[in-house]
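Architecture and fold: a report
Listed here are the chains, written in short residue letters.
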4 protein chains.
Amino acid sequence: MPLSSHQAHTVIDGAERKAREIGLPVVIAVLDAGAHLKAFRRMDGAVLASIDIALRKATTAVLFQANSEDVWEYCKPGAPAPGLELSNGGLAPFGGGIPLKGPDGQVIGALGVSGGSVAQDTDVAKAAFAAFQALTR
Amino acid sequence: MPLSSHQAHTVIDGAERKAREIGLPVVIAVLDAGAHLKAFRRMDGAVLASIDIALRKATTAVLFQANSEDVWEYCKPGAPAPGLELSNGGLAPFGGGIPLKGPDGQVIGALGVSGGSVAQDTDVAKAAFAAFQALTR
Amino acid sequence: MPLSSHQAHTVIDGAERKAREIGLPVVIAVLDAGAHLKAFRRMDGAVLASIDIALRKATTAVLFQANSEDVWEYCKPGAPAPGLELSNGGLAPFGGGIPLKGPDGQVIGALGVSGGSVAQDTDVAKAAFAAFQALTR
Amino acid sequence: MPLSSHQAHTVIDGAERKAREIGLPVVIAVLDAGAHLKAFRRMDGAVLASIDIALRKATTAVLFQANSEDVWEYCKPGAPAPGLELSNGGLAPFGGGIPLKGPDGQVIGALGVSGGSVAQDTDVAKAAFAAFQALTR
């Protein structure tokens, strides 16, 4: 089953709820398994830079089937894959991107959040992911 | 006043309502006055090609402050601006993109719809625009 | 079920068999449902230009869920979508690209062939498609 | 003699054999002396990120006529060519790319492997290279 519009909007609403709670306007992007845009929301007041960053975080998560920050372990100074962050059009290997999996464990998409500090973006992303998980439980 | 998230989602919901009515899955993109993405929805079943086309129609509409199809009058064979469609990263000078204006007549963004024939996309775009207009009345 | 490596290579072998029969070296590209490269072969003697063209034909077919030449009906002179061929990074709206469908009718990828005349490429593409169909029968 | 389709597929089959042995789905790309794609295979289950990375590793190897990881010696912190990795559209200066040479020692192409850790990719690349060498012995 491909990622549905209903699932994508549950992710976005989950992110916005958390973002409002902490008073932070964010951008939320949801991609499908092929890294194509499925849904997107830029909350009023979010900085323009976050459009590209949210998209890259989600892209990083879906292409590597991993949280965006985990990709940094491979390309940080001293790690074995210097320049990995330059692949795939430029990655965002820091917190805020999380892959979305179907009931069979297959990656069906990813979400990316940007707008505040990495810690804040990660919190909002986790809340969005929790909303997605609640759907399939 | 910049285009609000509330306005953007009214546009998208208006488009989806019409699209469902005619049984056509579409992509709807909403940009702000600076041609930056504000909101986006890809209905289940819409072809992937429509992501790029909806974005380009909205871009065409906001950059020229005109319906996307009106730009064709300037670049069609015999018209004075051949190749205009190659500017700005590639335009989509056919129906489905409509600028959005604030109460003072200033362009505050644009919508773009893609998914079916040009006539269908134009109908869906008009319904989305009507939903936007109803908000400000 | 996503397009398998086995299916992709059946497509490529089917194309090469036909291409050898007519004495034409071609490039064959196979993409998955998200337009990502799955398998590729450039026969000895094929012109370098065909790499990009085969990829674009397959991209056109998978993004529009249609044979590549059918997209031309929408953007040819006088048709309602002038400039459509500029979307999605540049289309190849002429024969040689065919979508591949799973048993449930869903598009799971596409093939693109380039190397000779459009008629020759279309023949090779059809032979490749027939080899794919024979697999699932 | 340019790299033949037969040689390219020997490389790919050699890589896949090793990859199966270690239970790792990988992407294998083979380029010719001009850095143009000759053959490509994405094994079932390989992450999408590896398409671009395998292509970049092979590109790095053929453009510099060196193993991809050797290029890092020129651009690592303190080395004399900072930013070298940004040249040529973005290099992948880490293990998995190996140049292919003809009997006269001329570089006729390169292979690139991506899918697992750098150490795993390097092992698979070496096995693919060994299969290529066995052909010409």
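Our structure is the block above this text.
Report follows, based on the coordinates. As the structure is a computational prediction, the values presented were derived from the model and not from experiment.

What to know about the environment of glycine 102 of chain B
Locating glycine 102 of chain B in the fold gives a position in the loop between β3 (97-101) and β4 (107-114). Residue class for glycine 102 of chain B comes out buried when judged on its relative accessible area of 14%.

Points about the pairing of strand β4 (residues 107-114) of chain A
All names here are of chain A. Within β4, eight of the eight residues are buried, which leaves the element mostly enclosed by the surrounding structure. Here strand β3 (residues 97-101) runs beside β4; their pairing, made up of five bridges, is antiparallel. By the bridge assignment, proline 99 is partnered in β4 with alanine 110.

Section: the interface of chain C and chain B
The interface of chain C with chain B comprises 14 residues on the first partner and 13 residues on the second. With both chains or domains summed, chain C and chain B bury close to 1100 Å², and 73% of this area falls on carbon and sulfur atoms. Ranking the residues of chain C by area buried against chain B places Leu63, Pro82 and Leu86 of chain C at the top, with a combined share of 43%. At the junction of chain C with chain B, the criterion picks out four residue pairs in polar contact (both at pLDDT 80 or more).

Structural notes on the side chain of threonine 60 of chain D
Position of threonine 60 of chain D relative to the elements: it lies in helix α2 (residues 49-64). When near neighbours in sequence (up to four residues on either side) are disregarded, threonine 60 of chain D contacts Ala66, Ser68, Val71, Leu91 and Ala92 of chain D.

Looking at the packing of aromatic side chains
Residues and elements named next belong to chain B. Summed over the entire model, instances satisfying the criterion amount to four aromatic pairs over all chains. Between phenylalanine 129 and phenylalanine 132 the ring centres are 6.3 Å apart and the planes differ by 35°, which places this aromatic pair in the tilted class. One end of the pair is phenylalanine 129 and the other is phenylalanine 132, both in helix α4 (residues 118-136) and three residues apart, which spans about a single turn. The class of phenylalanine 129 is partly exposed, set by a relative accessible area of 24%. Phenylalanine 132 gets classed as buried once you look at its relative accessible area, which sits at 0%.

Here's the deal with the interface of chain A and chain B
Facing the 16 residues of chain A at the interface are 16 residues of chain B. Surface buried jointly by chain A and chain B totals about 1400 Å² across both partners, of which 46% is contributed by carbon and sulfur atoms. Taken together, the links from chain A to chain B amount to four salt bridges. Put simply, aspartate 32 of chain A and arginine 42 of chain B hold a salt bridge, and the shortest N to O gap is 2.8 Å. The tally of links between chain A and chain B comes to 15 residue pairs in polar contact (both at pLDDT 80 or more). At the level of elements, α1 (5-21) and β2 (37-42) of chain A are the ones that each hand at least two residues to the side of chain A that touches chain B. The element best represented in the side of chain A that touches chain B is β2 of chain A, accounting for six residues. Here the side of chain A that touches chain B is built from residues that sort into seven nonpolar, four polar and five charged. Sheet topology places β2 of chain A next to strand β2 (residues 37-42) of chain B; three bridges connect them, and they run antiparallel. Counted as the bridge partner of alanine 39 of chain A is arginine 41 of chain B from β2 of chain B.

Rules of the game
- Position numbers for residues start from 1 in each chain and track the written sequence from start to end.
- Here every chain gets a letter starting at A, and every ligand a number starting at 1, in the order they are written.
- With pLDDT at 70 or above as the cut-off, local features in this predicted model cover only qualifying residues; side-chain atom pairs require 80 or more to be listed or tallied, and sums for whole chains, interfaces and linings still use all residues.
- Hydrogens and waters are ignored; side-chain quantities use all the structure's heavy atoms.
- Counting from the N terminus, the helices are DSSP H or I runs at least four residues long and the strands are E runs at least two residues long.
- Relative accessibility under 20% of the residue-type maximum defines a buried residue, over 50% an exposed one, and the middle range a partly exposed one, all with a 1.4 Å probe and only protein chains included.
- Strand pairing follows a simple DSSP-based rule, namely that at least 2 bridges must link the two strands.
- Whether two residues are in contact is decided by their heavy atoms: any pair within 4.5 Å suffices.
- Once two parts are joined, some of their accessible surface, as seen by a 1.4 Å probe, is lost; buried area is that loss totalled over both.
- Any N or O atom pair separated by 3.5 Å or less is treated as a polar contact, with the protein-specific requirement of one donor-capable and one acceptor-capable atom, and with residues adjacent in sequence counted only for side-chain atom pairs.
- Whether two aromatic rings pair depends on their centres lying within 6.5 Å, for rings of Phe, Tyr and Trp, where Trp uses its six-membered ring; planes under 30 degrees apart make the pair stacked, over 60 edge-to-face, and the rest tilted.
- Basic side-chain nitrogens of Lys or Arg form a salt bridge, by our definition, when they fall within 4 Å of a carboxyl oxygen of Asp or Glu.
- Ten residue types, Ala, Val, Leu, Ile, Met, Phe, Trp, Tyr, Cys and Pro, are classed as nonpolar, four, Asp, Glu, Lys and Arg, as charged, and the remainder, Gly among them, as polar.

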